[in-house]
Amino acid sequence: MSASGENQPETAASTDRQVVTRFAPSPTGYLHIGGARTAMFNWLFARHYGGKALLRIEDTDKARSTPEAIDAIFAGLDWLGLDWDDAPVFQSARAERHAEVAYQLLDAGNAYKCFATSEELEAMRAEQREKKLPLRYDGRWRNRDASEAPEGAPFVIRLKAPEGGKLTIADEVQGSVTVDARELDDYVLLRSDGTPTYMLAVVVDDHDMGVTHIIRGDDHLNNAFRQLVLIRAMEWAEPVYAHIPLIHGNDGAKLSKRHGALGVEAYRDDMGIVSDAMFNYLLRLGWGYGDREKISRAEATELFALANVGKSPSRFDAKKLVNLNGQYLREMDDAALAALVAPRVATLMPGFDPAVGTDLLARAMPVMKLRARDLNELADGAQFLFKSRPIGMDDKAKSLLEGDGIAVLQTVFSVLAETAPWTAATLEDRLTQFAEEQGHGLGTYAQPLRAALTGQARSPGIFDVLELLGREESLARITDVTRVAA
Ligand code: GLU
């Protein structure tokens, strides 16, 4: 296989017909982040051209294609905000149609029955291995008549690959790629039990669904040539191909489990990444618009072009994703964010009732989201708001009360109790003024207060904490500490 040329501008063919793309995942139990990116590129391309984005579930492997595995794909796509035109196509339901095409090819002389037994084929491969030849079906039944086979012997149907010449694909991402037709074998279309192979099913489905552009991982580039032989044998319209480089880990090796989670649901559920951030991150992994890092779905739809898809593998960097997530959190609507954080708080604090607590969470978001990078940090950091009294204290908080901490709290209590209205700004003015009068830094008061109000040594700004908790709860939490110590 040889490749040449830079990314070519999208050919006229890309825009003349109505664009139809498809995402065709094989269910594996989750939506792989690489698959998610492929789905996004197909979706963006179709939306950009006002075409159709279709979904096909390649569920022919019955052992893996459980309803749960299929649901995981739907849920992952849904989370990323990818919607599809028409109902999803289930490949397994189309086996009869696939077989029909195999027989059409047989009738037209573009395919043939092969009666070779598996022992025979194994012997053929052993010989090829010994002679260091490429392992390839040798066409032994290509020119034989079915009447030469024993009565009732099982057979497969194989496609007749071209005997010579070259095949070229003008790939929108890889450029022009050519293979020698001799590299292609007479592959199986229909197995001896009558079931279609992947190669047959994909081509028939793409044709029947009217797919004009096939955008998928470059691990399928070799398949494209073999599929093209079938498409030409059927005299079907040839799709435009765009094979996008796979995602690698941050060490440059192909992405695998040791690089971190592979399924999008782990980023959503375990890591607390929000949909917009995941979308933006995956988008930038392999597609770019200048050096813009932050691009929304709407902008991406407007700007997306295959010409801007990179030709080399991109590296998945979880740190960058988390940083981007932090940026998205800061821009999110507080009520929407609180709704995402509430179930996580409920997991951490079984007594938490989202119906009651989500309003307070929403009010806390403006200050809490300033530093958080994911939803878990937000949930964790918000727990102090919902603790029941006495709230208890961790060791670091206790150390903030060493020395004269309790006496300080008693003093602060009286200053705060006299302050009105109970807002962060008024409380800050009053306590700052008081600290100045006493010749102390604000920290002298803020740190013991933080310990008493949150039970922790880290929290949002102390005046925000006071306002969020409210007068009654704040004063009561301070009293809980001073009373015990007294
Ligand atoms: N089902 C194949 C996969 O998940 C994709 C087939 C295709 O895009 O042509 O790898």
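Quick notes on the rules
- Residue numbering note: each chain is counted from 1, following its sequence as written.
- At least 70 in pLDDT is required for a residue's local features to be given in this predicted model, at least 80 for side-chain atom pairs to be given and counted, and no such filter applies to totals for whole chains, interfaces and linings, which use all residues.
- Hydrogens and water are ignored here; the side-chain numbers use all heavy atoms of the structure.
- UniProt positions are given in the numbering used here, feature names are shortened, and annotations may be inferred rather than shown by experiment.
- The way it works is that DSSP assigns letters per residue, a run of H or I at least four long becomes a helix, a run of E at least two long becomes a strand, and they are numbered from the N terminus.
- Here, residues are in contact when the closest pair of their heavy atoms is within 4.5 Å.
- Salt bridge, as used here, is a side-chain nitrogen of Lys or Arg placed within 4 Å of a carboxyl oxygen of Asp or Glu.
- Burial status follows relative accessibility: with a 1.4 Å probe on protein chains alone, a residue under 20% of its type maximum counts as buried, one over 50% as exposed, and anything between as partly exposed.
- The near set for a molecule or strand comprises every residue that places at least one heavy atom within 4 Å of it.
- Two N or O atoms count as a polar contact when they lie within 3.5 Å, although within protein this holds only if one can serve as hydrogen donor and the other as acceptor, and sequence-adjacent residues are included solely when both atoms are side-chain atoms.
- Here the Shrake-Rupley method, with its probe set to 1.4 Å, supplies the accessible areas, and only the displayed protein chains count as covering residues.
- All residues other than Ala, Val, Leu, Ile, Met, Phe, Trp, Tyr, Cys, Pro, Asp, Glu, Lys and Arg, Gly among them, are scored as polar; the first ten of these are nonpolar and the last four charged.
- Strand pairing requires that DSSP identify at least two bridges connecting the strands.
- Between the N-to-C directions of two axes lies an angle of 0 to 180 degrees, each axis being a line fitted to C-alpha atoms and, for a helix, fitted only over the stretch in contact.
- Each aromatic pair joins two rings of Phe, Tyr and Trp (for Trp, the six-membered one) with centres within 6.5 Å, and gets the label stacked for planes under 30 degrees apart, edge-to-face for over 60, and tilted for any other angle.
- Geometrically, a charge over a ring is one whose NZ (Lys) or CZ (Arg) sits within 6 Å of the ring centre while staying within 35 degrees of the ring normal.

Naming follows an unreviewed UniProt entry, where the protein appears as Glutamate--tRNA ligase of Blastomonas aquatica. Under the UniProt heading Subunit (unreviewed entry), the note attached to the protein is "Monomer." Per its UniProt entry, the protein bears the Sequence similarities (unreviewed entry) comment "Belongs to the class-I aminoacyl-tRNA synthetase family. Glutamate--tRNA ligase type 1 subfamily."

Peer 1: Kindly report on the environment of T38, identifying the contributing residues and their values.
Peer 2: Take T38: it is sitting in helix α2 (residues 33–48). The spacing of T38 and L282 is 244 residues in sequence and 9.3 Å in space, taken between C-alpha atoms. The residues touching T38, leaving out its near neighbours within four places in the chain, are F23, I215, R216, G217 and I244.

Peer 1: Please provide a residue-by-residue account of the pattern of salt bridges, values included.
Peer 2: For the coordinates displayed, the defined rule picks out 35 salt bridges. Put simply, R182 and D180 hold a salt bridge, and the shortest N to O gap is 3.1 Å. Taking relative accessible area as the criterion, R182 reaches 56% and is therefore assigned exposed.

Peer 1: Give a detailed account of the site of the ligand, specifying residues and quantitative values.
Peer 2: Around the ligand, a shell composed of R22, A24, P25, S26, E58, Y198, V202, R216 and H220 is seen. A distance of 2.7 Å separates an oxygen atom of the ligand from a polar side-chain atom of R22. Here a nitrogen atom of the ligand and a backbone polar atom of A24 are 2.7 Å apart. If the ligand stood free it would expose 300 Å²; the protein chains cover 79% of that surface. Of the residues contributing to the shell around the ligand, the split by class is 4 nonpolar, 2 polar and 3 charged.

Peer 1: Residue-level account of the sheet that holds strand β9 (residues 188–190), with values.
Peer 2: Taken together, 3 strands build an open sheet; the order of strands is β5-β6-β9 and the sheet is antiparallel. The open sheet is flanked by β5 (111–114) and β9, the only strands paired with a single partner. For this sheet, the mean angle separating the axes of adjacent strands, direction not counted, is 45 degrees. Across 4 bridges, β5 lies against strand β6 (residues 156–159) in antiparallel orientation. Bridging across to β6, A111 finds its partner in L159.

Peer 1: If you had to explain the UniProt feature "short sequence motif: 'HIGH' region" (unreviewed entry) in the protein to someone new, which residues and values would you point to?
Peer 2: The UniProt feature table records "short sequence motif: 'HIGH' region" (unreviewed entry) at residues 25–35. For the annotated span residues 25–35, helix accounts for 27% and strand for 0% of the residues, and the straight-line distance between the end C-alpha atoms is 7 Å.

Peer 1: Tell me about the environment of A342, and please be specific about residues and values.
Peer 2: By the secondary structure assignment, A342 is in helix α12 (residues 334–348). With 15 residues separating them along the chain, A342 and G357 place their C-alpha atoms 7.6 Å apart. Ignoring any residue separated from it by four or fewer positions in sequence, one finds A342 in contact with F352, P354, T358 and L361.

Peer 1: I'd like a description of the packing of aromatic side chains, backed by residues and values.
Peer 2: Enumeration over the complete set of coordinates arrives at 13 aromatic pairs. Plain terms: the ring middles of F41 and F304 are 5.3 Å apart, the flat faces sit at 50 degrees to each other, and that makes the pair tilted. Of the two residues, F41 sits in helix α2 while F304 sits in the loop between α10 (297–303) and β13 (314–315), which places them 263 residues apart along the sequence. Ring centres 5.4 Å apart and planes at 90 degrees place the aromatic pair Y281 and F316 in the edge-to-face group. Of this pair, Y281 sits in helix α9 (residues 275–284) while F316 sits in the loop between β13 and α11 (318–331), and the two are 35 residues apart along the sequence. Neither Y281 nor F316 differs from the other in exposure class; each is buried. Ring pairs connect the aromatic residues F41, W287, Y289 and F304, which therefore count as one cluster. Over the face of the ring belonging to F155 we find K113, whose NZ or CZ atom lies 4.5 Å from the ring centre.

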